[in-house]
Each structure stands twice: as C-alpha cells, then as structure tokens.
Amino acid sequence: MSELFSESLRDYRTILVASGGAPHSLVAVARAARIVRRVGATLHLVAVVPQAASPLMNVATAFAGGEMFEGQAKQDDYAQREAYLQRAAADLRAAGLDVHAHLVPALKPADAIVQVAQEQNADLIILGRKHKSAWTAALAGSVSDMVSHASPVDVLIVR
C-alpha cells in the first residue's frame, strides 16, 4: 500500500502551499516541504494579505483620523506577510527545494489561492486548518473549506 501511495504522489509536479505564518499554516508548509522533497516537485509558497477591514477596523474608521489608522494597519500587515514570506522561502531554498514566493493582496483569500494555483498550473494545494470544529469554521468562514470547494485540483488540508 505504501508503494501505491508513493507512486500516486509522483503525479504532483507543482505544489502550492498557502501560509501567512500562523501555527496552522506552518504545519502545512512543513508537510508540503516533505512531499516536495520526496517527489522532486516545484513549490509555490503563497501568502495572502487580506484587504477587507476587520470589524474592529470598521469601528476605528468611524472616528476622526481612523482612516489613517486603517492605512497604517494595512501597510503593517503587508510588511509582516512579506517579511514572513521571504524568510520562509529562503529557509525552504536552503533546504534544497525549488521555491517560488507569491505575496497576493486580496479581498477573498480563498479565491486568491485558487487563482495562483491555476496560474502556476499547480497539481496540489496544501493548507492548514485553523478551526477545530465545523461550528467555528462555519461561524468564522474557513479558507481551507472554501479552497477545497473552489479548486479544480486536489487539496490537502493538514491539522
């Protein structure tokens, strides 16, 4: 059985992993690195910078000067994600992997992940699962669930 599993992994030549540096997405990056190393695939590391304002940000913008606070928060988030992406890509390259990094601002992270996967002809998308239950995923919205429903290619959701 293990030989059959290893053989089917070889079908994956281009793998995309989405990560913003959160613990659940770091697990996905580690799993992707093991698979990429095993099959000799190319890895596309994607970090999405959400462009939608959080509920707290919506409240802040109601006050005078709030727009400036919102702009600074978006710049800070972009800079943090970019720094994480560059560090993670450098670490993966140092481990001998063929890695391409993509920083994507998007209103809908799931759509952005699927779009980059299509643009790069990915065979597999790997994501971490943030929510521990279907209930919390339904309340908050789960990017991994949205990607798994929208993707035309295989999706591996790791825990």
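Residues numbered from 1 in each chain as written. Predicted model: local features only at pLDDT ≥ 70, side-chain atom pairs only at ≥ 80, totals over all residues. Heavy atoms only, no water.

It is not clear to me how helix H5 (residues 109–119) should be interpreted in this structure. Could you clarify?
Along an α-helix, residues three or four positions apart point the same way, because every turn accommodates 3.6 residues. Every buried residue belonging to H5 is among Ala110, Ala112, Ile113, Val114, Val116 and Ala117, and all of these are buried. As for H5, its buried residues are in contact with strand S1 (14–18), strand S2 (42–50), strand S3 (99–106), strand S4 (124–128) and helix H7 (143–150). Positive phi appears at Asn121, one or two residues downstream of H5, with a value of about 55°. (Buried < 20%, exposed > 50% of the residue type's maximum accessible area, 1.4 Å probe, protein only. Helix = DSSP H or I, 4+ residues; strand = E, 2+ residues; numbered from the N terminus. Contact = heavy atoms within 4.5 Å.)

Is there a simple way to think about the confidence of the model for the chain in this case?
The predicted structure's coordinates, where accompanied by low pLDDT, should not be read in detail. Taken residue by residue, the chain gives an average pLDDT of 85. The fraction at 70 or more is 76%. Note that residues 135–140 has pLDDT below 50 and, in this model, seven contacts with residues that lie over four places away or in other chains. (pLDDT = per-residue confidence, 0-100.)

Help me understand helix H2 (residues 23–39), please; the structure alone is not making it clear to me.
Here H2 contains 17 residues, and its C-alpha end-to-end distance of 25 Å stays within 8% of the 24 Å for a straight helix at 1.5 Å per residue. Along H2, the residues classified as buried are Ser25, Ala28, Val29, Ala32, Ala33, Ile35, Val36 and Val39. Among the residues trailing H2, Gly40 stands out with phi positive, at a value near 75°. (Expected span 1.5 Å × (residues − 1).)

Explain the sheet that holds S4 here, please?
The sheet built from five strands is open, its strands ordered S3-S2-S1-S4-S5 with parallel pairing. Of all strands in the sheet, those bounded by a partner on one side alone are S3 and strand S5 (154–158). Taking the axes of each pair of neighbouring strands and ignoring which way they run, one obtains an average angle of 25° across the sheet. Alignment of S1 against S4, held across three bridges, turns out to be parallel. Each residue of the ladder has a partner; that of Val17, found in S4, is Ile126. (Pairing = 2+ DSSP bridges. Axes fitted to C-alpha atoms, helices over the stretch in contact; angles between N-to-C directions.)

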